[in-house]
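One-letter residues, chain by chain:
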Amino acid sequence: MFTGEDFYLALEKTDNTNVMPVIPDIKCFSPKEGDLMRGRDPVAVAKELERAGAPVLSVVTEETEFHGSLEILKNICDTVSVPVLRKDFVKSRDDLVETVEAGASAILLMYSCLGRQSLHEFYQEALQLGLLPFVETHNKEEMMWAQELGAKLIGINNRDIIQLERDDGTICLTRELLKDAPERSLIISESSIQNAEQIRQVIREGAYGALVGTTILKEDSVFEAYRRMISKTGVKICGLTKPEDVVMCARLGVDLAGVVVEYPVDVPWNQTVSQAKELLCKTKKEIKTSDIRIVMVTGGDFEKVTNLVEQCRPDIVQLHYTETFEESSAIARALAEDGIPVIRSIPLKAHDREKMFGTDDWKTIFDLIQNSEIAAILLDSRQAENAAKGGGSISERVDILDLAQILQTLTKPVILGGGITADNVRGIREALHPDYIDVLTGVEKQPGDKSASKISELLEKVRGY
């Protein structure tokens, strides 16, 4: 039987791996989303999540609203070989004893349900029984109490548990409460997490990891869903020209789909605005918006770009031409009002950076971007018009060690592109730890024609399975 210390150590060790610390939450029913098991056995789901690499598991045992039970908890604890957290509305010492007897090693304690005094008492009781208390907070006052308590493991619930998580919480609450979180505690963001990028965001801002249930359980394969969720490096496949290729990318687990639209230079992947609108329309009929996000790759002045966005309505815009920093910032500010993030590509050649930013100094450029509305940067070793010629991967064009030091100064997402293939992606990922890698020709049969087998191989190398 595992102890509370075992749970903490198993979670803490995840920080030294190539995956993000994500606790998968097993619950049979959601008051907001309905039946999450859909005929599946919770124990079988737990085994799949363990096989996918989960260092620990969470099991909801509340019966009335979430359709859980102590029996499900016990069966899972008897079956898996990782420590387990029990989630329920704990109200008595008997609940703590039952948790130990069922085989769990950690227990959820919520200020919203217990109040300050009772939670302090239960916290000490749990420790005496060998359980690790997972203290859940939802506002600044509760975070201060958790710090006063000395809690080692603190959750920030982005939704209101009193409303049974029916409200539309967001990770913005995690970002806000992280400002008051104790430095020595492991902070876990809970609820409303839709994809791996949101986990990367909260980790960049100081969280340790996340607890995710519904998003994983809504997928047919919890194994594949969990593997996508824990990947430290996302994958963007660019130069998509056919709806079926976008759908293929979504089903394989690609994070971002790049569609080149009205690019100022003639490239093989370029789509007219009418072609792009048709492609996106057909694509959105076959996939959920949470499966993959569409990036419109383009270039030009403010009026052109904003007009393209109005017509095509992509999820993200990537500026990939010669726009100056001032032009890029103005576009980013305007699109931010519509909730559309902007990626700015940065050339590796000093002369090109000088023209774009007025300086070729990396630190100055990154300081400018940090204080702008630009959401992310793309470092690409090849100009778009030369990409079809091949060669020149990012690892061949720059000093990896120097670039690694540069990237450590950034808090915004970093995308690396240029000549990346399944053969070299692992070395690039391990040396530079980008948030995303951007692949164009490395997964093609010919320009505009993507290979499912090459994309699958690339994803396997990035995610390590």
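Bear in mind the structure is a predicted one, so any value in this text is a computation, not a measurement.

(A) Local environment of the overall build of the protein. Check the secondary structure of the protein and you find 20 helices and 20 strands. In terms of overall dimensions, the protein is globule-like: its C-alpha atoms have a radius of gyration of 23 Å, near the 23 Å expected for 465 residues. Counting only C-alpha atoms, the protein reaches 70 × 45 × 40 Å along its principal axes. Across the 465 residues of the protein, 57% fall into the buried class. Counting only carbon and sulfur atoms, one obtains 46% of the accessible surface of the protein, whose full area is about 19,500 Å². For the protein, the separation between the mean place of its 54 positive charges and that of its 75 negative charges on side chains is 4 Å.

(B) Fine view of the sheet that holds strand β8 (residues 153-157). In spatial order, the strands read β1-β4-β5-β6-β7-β8-β9-β10; together these eight strands close into a barrel with parallel pairing. Across the sheet, the axes of successive neighbouring strands diverge by a mean angle of 25°, strand direction being ignored. Relative to β8, strand β7 (residues 132-137) is paired through four bridges, and the arrangement is parallel. Looking at the pairing, phenylalanine 134 lines up with leucine 153 of β8. Here helix α2 (residues 42-51) sits on the sheet and contacts β1 (22-26) and β4 (57-60); the angle it forms with β1, its principal contact strand, is near 170°. Along the sheet face, helix α5 (residues 111-128) touches β6 (106-110) and β7 and points at about 150° away from the line of β6.

(C) Spatial organisation of the side chain of serine 105. Within the secondary structure, serine 105 sits in the loop between α4 (93-102) and β6. Setting aside its immediate chain neighbours within four residues, serine 105 contacts Phe2, Thr3, Gly4, Phe7, Pro83, Val84, Gly130, Leu131 and Leu132.

(D) Representation of the sheet that holds strand β15 (residues 342-347). If you trace the eight strands once around the closed barrel, you get β11-β12-β13-β14-β15-β16-β17-β18, paired in parallel fashion. When the angles between neighbouring strand axes are averaged without regard to direction, this sheet yields 25°. Sheet analysis places strand β16 (residues 376-380) next to strand β17 (residues 414-417), joined by four bridges and oriented parallel. Following the sheet pairing, isoleucine 377 is matched in β17 by valine 414. Across the face of the sheet, helix α16 (residues 362-370) comes into contact with β15 and β16 while running at roughly 170° to β15. Lying over the sheet, helix α20 (residues 452-463) contacts β11 (234-237) and β18 (436-439), oriented at roughly 155° with respect to β11.

(E) Layout of the nonpolar core. The biggest cluster of nonpolar side chains holds 63 residues, and the ones touching the most others in it are Leu57, Ile76 and Leu109. With residues near it in sequence (within four places) discarded, leucine 109 still touches Val90, Leu96, Leu114, Leu119, Phe122, Tyr123, Pro133, Phe134, Val135 and Glu136. Ala257, Leu319, Leu416 and Ile420 belong to the second-largest nonpolar core, a separate cluster that totals 58 residues.

Definitions and limits used
Residues numbered from 1 in each chain as written. Predicted model: local features only at pLDDT ≥ 70, side-chain atom pairs only at ≥ 80, totals over all residues. Heavy atoms only, no water. Helix = DSSP H or I, 4+ residues; strand = E, 2+ residues; numbered from the N terminus. Rg over C-alpha atoms; globule rule 2.2 N^0.38 Å. Buried < 20%, exposed > 50% of the residue type's maximum accessible area, 1.4 Å probe, protein only. Areas by Shrake-Rupley, 256 points an atom, 1.4 Å probe, with all protein chains shown as cover. Lys, Arg positive; Asp, Glu negative; His and termini not counted. Charge placed at Lys NZ, Arg CZ, Asp CG, Glu CD. Pairing = 2+ DSSP bridges. Axes fitted to C-alpha atoms, helices over the stretch in contact; angles between N-to-C directions. Contact = heavy atoms within 4.5 Å. Core = buried A, V, L, I, M, F, W, Y, C linked by side-chain atoms within 4.5 Å.

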